[in-house]
Amino acid sequence: MKNIAILGFGVVGSGIARVLEQNAAEIARAVGDEVSIRYILDLREFPDSPYADRVIHTIDPILADPDVACVCETMGGSHPALEYSLACMEAGKSVVSSNKEVVANFGDLLLRKAKEHGVSYLFEASVGGGIPLIRPFLTSLVCDRVTEIAGIVNGTTNYILTKMRDEGRDFGDVLAEAQRLGYAERDPSADIDGIDAKRKIIILTALASGILPEDGDVYAGSIRNITPGDIEAARALGGVLRLIAQTKILPDGRVAACVTPMIVMAPHPLANVDGVYNAVSVTSPVTGDILYYGRGAGSLPTAGAVISDVTAVLSGAAKAELAPVFEKKSGAVIPFGEQSFPFYIRTQGSEAEIRELLETVTDTVIPLGGGAFETGEMTAAEAERVLPEAVKIPILR
Ligand code: HSE
């Protein structure tokens, strides 16, 4: 019997218990032994749960128990998740996490601590929920140099944008449904304002480049001000409006990472990703384009990803895997204003004058009628400078 502990018995933590019961035989086969939950650390009591007798309120019994080799951190938030994870690794326990906030903010420190103590720090569930996405960066793709990643990595906003488009439903109403379904963050502004997606693109950027961008260096755009008019404009242009997390890794090692609503044109594979589904496209010179697709949020898919890390630790496979090294490096992240995109622009005024203004910063300007234009590439700062009042949405082709 192998014992684990769970920190945080919320949507993901309780999902781990369910998946361990439901798939006990498959998990035992992968580990070579049965897996049992010895402790559940939470502030709350769960008197009606079959696990009520395992609930504890301090980390100490876990740290002191030599029979717990693997701890699942599904608390969310940076603190005390960081301190507990560090303490577990100092006590010789591997930690597996679904907590994108702590990985994005402190992944460098956590991975160094794991190395120092000869344990693993794994975080397959932190990006893309149930999609096997993190491990391929450390296995199948190690021979390649990733140049670009573009993804839909927030299930809640994708669900909202899909329902607004398909059912003409109100933003608040669809958000409440996403919360009921367990997709949204505790504070759903983390979803809506691009913060959750920013944490995820920070992690993917670090996996691809080794550079862990600082939170404040990555722009996060919101879907809060998206109107039915914008959704319709995307459709008229032959695309779909989505919250996109993107990173480009330049040959000089700098990275251009951002999260912003974009119009994804129909031929792009991300244009067909609807509802709570996530998809991440990864481009590299040897492998070409790869698309990862699956359920990006929800209790069971995310819990399954945590358990994949648990099985890697308990079977010994994690020891044989390459551990990533994340490094924070000042000046390595290109500011959003300096990043270039083709744009959809909508504004008021004379078509000839707007065209003339746009032609000072880009080589292609196509009038679409009704004060709308499709442009060639220009930087976000140039677009803002020439037309500060206009609706400006980057286009992904
Ligand atoms: N709130 C997140 C989402 C949960 O909607 O994608 C999964 O990380």
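This one's a predicted model, so the numbers in the text were calculated from it and none came from an experiment. Note on numbering: residues in each chain are counted from 1, in written sequence order. Local features in this predicted model are restricted to residues of pLDDT 70 or higher, and side-chain atom pairs are both shown and tallied only at a pLDDT of 80 or more, whereas totals for entire chains, interfaces and linings draw on every residue. To get the side-chain values, take all heavy atoms of the structure and skip hydrogens and water.

A. Local environment of empty space enclosed by the protein. Put simply, the grid is 1 Å and covers the protein atoms alone, a cavity is a trapped set of points that fit a 1.4 Å probe, a pocket is an open set with protein on both sides within 12 Å along at least five of seven lines, and lining residues have an atom within 4 Å of a point. Grid points are joined across faces, edges and corners, and a volume is the space filled by probe spheres set on the points. Per the counting criterion, the structure on display carries 1 cavity of 30 Å³ or more. Here the largest cavity is characterised by a volume of approximately 80 Å³. Considering the residues around the largest cavity, the lining is formed by Tyr121, Leu122, Phe123, Glu124, Ile134, Arg135, Leu138, Asp309, Glu321 and Pro324. Where helices and strands are cited, they refer to DSSP runs of H or I of at least four residues and of E of at least two residues respectively, numbered from the N terminus. Elements with a contribution of two residues or more to the lining of the largest cavity: β6 (121–122) and α6 (134–138). Broken down by element, the residue count for the lining of the largest cavity peaks at 3 residues, all from α6. Polar here means any residue other than Ala, Val, Leu, Ile, Met, Phe, Trp, Tyr, Cys and Pro, which are nonpolar, and Asp, Glu, Lys and Arg, which are charged; Gly is therefore polar. Residues belonging to the lining of the largest cavity are distributed by class as follows: 6 nonpolar, no polar and 4 charged.

B. Molecular detail of the side chain of Asn3. Mapped onto the fold, Asn3 is located in strand β1 (residues 2–7). For Asn3, a relative accessible area of 8% corresponds to the buried category. Those residues in contact with Asn3, other than ones at most four positions away along the chain, are Ser36, Arg38, Asp67, Val68, Ala69 and Cys70. Partly exposed describes any residue whose relative accessible area lies between the buried limit of under 20% and the exposed limit of over 50%, with all areas from a 1.4 Å probe on protein chains only and scaled to the type maximum. Throughout, a contact is declared for two residues whenever any of their heavy atoms are within 4.5 Å.

C. Examining the domain arrangement of the protein more closely. Either an automatic procedure or a domain database provided the assignment from which the domain bounds are taken. Its domain assignment divides the protein into domain 1 (2–129 + 299–320), domain 2 (138–295) and domain 3 (336–396). Each of domain 2 and domain 3 was reduced to a C-alpha centroid, and the two centroids are 22 Å apart. Domain 2 puts 21 residues into the contact, and the matching count from domain 3 is 12 residues. Both faces combined, the contact of domain 2 with domain 3 buries some 1,300 Å², and carbon together with sulfur accounts for 70% of it. By definition here, a salt bridge exists when the distance from a side-chain nitrogen of Lys or Arg to a carboxyl oxygen of Asp or Glu is within 4 Å. Viewed at the interface, domain 3 and domain 2 are joined by 1 salt bridge. Asp230 is the salt-bridge partner of Arg346, the closest N and O atoms lying 3.0 Å from each other. Each polar contact in these results corresponds to two N or O atoms within 3.5 Å; when the atoms are within protein, one needs to be able to donate a hydrogen and the other to accept it, and residues that are neighboring in sequence are counted only if both atoms are side-chain atoms. On inspection of domain 2 and its partner domain 3, the count reaches 5 residue pairs in polar contact (both at pLDDT 80 or more). Summed over both partners, the accessible surface that disappears when two parts come together, traced with a 1.4 Å probe, is what is meant by buried area.

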